[in-house]
Amino acid sequence: MAGARRDTAPPRTRSEVGESDDTLLAVRAAEGDEDAFAVLVQRHAPALIRLATRLLDTRSEAEDAVQDAFISAWRRLPEFHGRSAFGTWMYRIVTNRCLNILRARRPVSPLEAAGDVPAPDHAASPARITEARGAVRELRAALDDLSPEQRACWVLREWDGQSYEFIADAVGISQEAVRARVFRARRSLTQALGAWR
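Quantities reported herein were computed from a predicted structural model and do not represent experimental measurements.

With respect to the side chain of Asp57
Position of Asp57 among the secondary structure elements: in the loop between helix 2 (34-56) and helix 3 (59-76). Side chain to side chain, Asp57 and Arg151 meet in a polar contact 2.9 Å long.

What about the packing of helix 4 (residues 86-105) against helix 6 (residues 148-159)?
At a closest axis distance of 9 Å, the pairing of helix 4 and helix 6 adopts a crossing angle of 140°. One finds that helix 4 runs oblique with respect to helix 6. In terms of crossing hand, the pair formed by helix 4 and helix 6 is right-handed. Of the residues in helix 6, those in contact with Tyr91, Thr95, Leu99, Leu102 and Arg103 of helix 4 are Pro148, Glu149, Arg151, Ala152 and Leu156. Its residues assigned to classes, the contact of helix 4 with helix 6 shows 6 nonpolar, 1 polar and 3 charged.

Let's talk about the nonpolar core
Counting residues in each nonpolar core, the largest one holds 50 residues, and the members touching the most others are Phe37, Phe86, Trp89, Met90 and Val94. The contacts of Val94, once residues within four sequence positions are left out, are Leu48, Leu51, Ala52, Val66 and Ala69.

Digging into the packing of helix 2 against helix 4
The relative placement of two packed helices is expressed as an angle between their axes plus a distance between the axes. Where helix 2 contacts helix 4, the two axes come as close as 10 Å, and the packing angle between them is 35°. Regarding helix 2 and helix 4, the two cross each other, and that crossing is right-handed. Here Phe37, Leu40, His44, Ala47, Leu48, Leu51, Ala52, Leu55 and Leu56 of helix 2 come into contact with helix 4, specifically with Phe86, Gly87, Met90, Tyr91, Val94, Thr95, Cys98, Ile101, Leu102 and Arg105. Looking at side-chain class alone, the contact of helix 2 with helix 4 contains 15 nonpolar, 3 polar and 1 charged residues.

What about the pattern of salt bridges?
Counted by the stated rule, this structure contains 11 salt bridges. Between Arg97 and Asp68 there is a salt bridge, and its shortest N-O distance comes to 3.3 Å. On the criterion of sequence distance, the pair formed by Arg97 in helix 4 and Asp68 in helix 3 is long-range, its members being 29 residues apart. Owing to a relative accessible area of 31%, Arg97 belongs among the partly exposed residues under this scheme. Across the pair Glu79 and Arg76 runs a salt bridge whose closest N-O atoms are separated by 3.4 Å.

Remarks on the environment of Leu146
Relative to the elements of secondary structure, Leu146 occurs in the loop between helix 5 (126-145) and helix 6. As a C-alpha pair, Leu146 and Arg186 span 40 residues in sequence and 9.9 Å in three-dimensional space.

Describing helix 2
Under the 1.5 Å per step criterion, the end-to-end length of helix 2 is only 29 Å for 23 residues, more than 12% shorter than the ideal 33 Å. The largest bend in helix 2 comes to about 45°, at Ala45, with the proline Pro46 one to four residues further on. All of the buried residues along helix 2 are Ala36, Phe37, Leu40, His44, Ala45, Leu48, Ile49, Leu51, Ala52, Leu55 and Leu56.

The rules behind these values
- Residues numbered from 1 in each chain as written.
- Predicted model: local features only at pLDDT ≥ 70, side-chain atom pairs only at ≥ 80, totals over all residues.
- Heavy atoms only, no water.
- Helix = DSSP H or I, 4+ residues; strand = E, 2+ residues; numbered from the N terminus.
- Polar contact = N/O pair within 3.5 Å; in protein donor to acceptor, adjacent residues only side chain to side chain.
- Axes fitted to C-alpha atoms, helices over the stretch in contact; angles between N-to-C directions.
- Parallel < 35°, antiparallel > 145°, perpendicular 65-115°, else oblique.
- Left-handed = near helix turned anticlockwise from the far one by under 90°.
- Contact = heavy atoms within 4.5 Å.
- Nonpolar A, V, L, I, M, F, W, Y, C, P; charged D, E, K, R; others polar.
- Core = buried A, V, L, I, M, F, W, Y, C linked by side-chain atoms within 4.5 Å.
- Buried < 20%, exposed > 50% of the residue type's maximum accessible area, 1.4 Å probe, protein only.
- Salt bridge = Lys/Arg side-chain N within 4 Å of Asp/Glu carboxyl O.
- Expected span 1.5 Å × (residues − 1).
- Bend = angle between axes of the 7 residues up to and from the residue.

Next up, the structure:
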């Protein structure tokens, strides 16, 4: 096939394919296609619920926040112009919703959502189990003492492993501000959890 034309464009990554699919689905959803929006919800809801649970400490409150965020996104779809990935746009909406919830409930933060430490192996002593549970409670309390913005940046960076660029876009601040908030959060958590090191 000497005369056949070769496509010299580099192959698209799975991430790029997913983002372009999301953009197409978002355009169709903005035109009223509820099935397209349902695919977006199904695709992004699990990660968004994990994020919201980490920020808010309670699964039910996290699910409500994500549901509210998707309702807001449905109404605001005409504003989505694809300047960022749909997933990033949803992270921003969910993060802002969680920040509003955290700000509204400060300074009182429930600790009952700390939960238990994952089931220990049978060789663990009761003293070690009690110590581990105490460490989890201390971490939850230390996270509750952070400002909502510091907590959001720290959770996105440390638990979700997101880049500073992604966090800046999701939270709506500069990368330098993200770095500063993550640094201050790390310092506060290190001081608060010094006894557990």
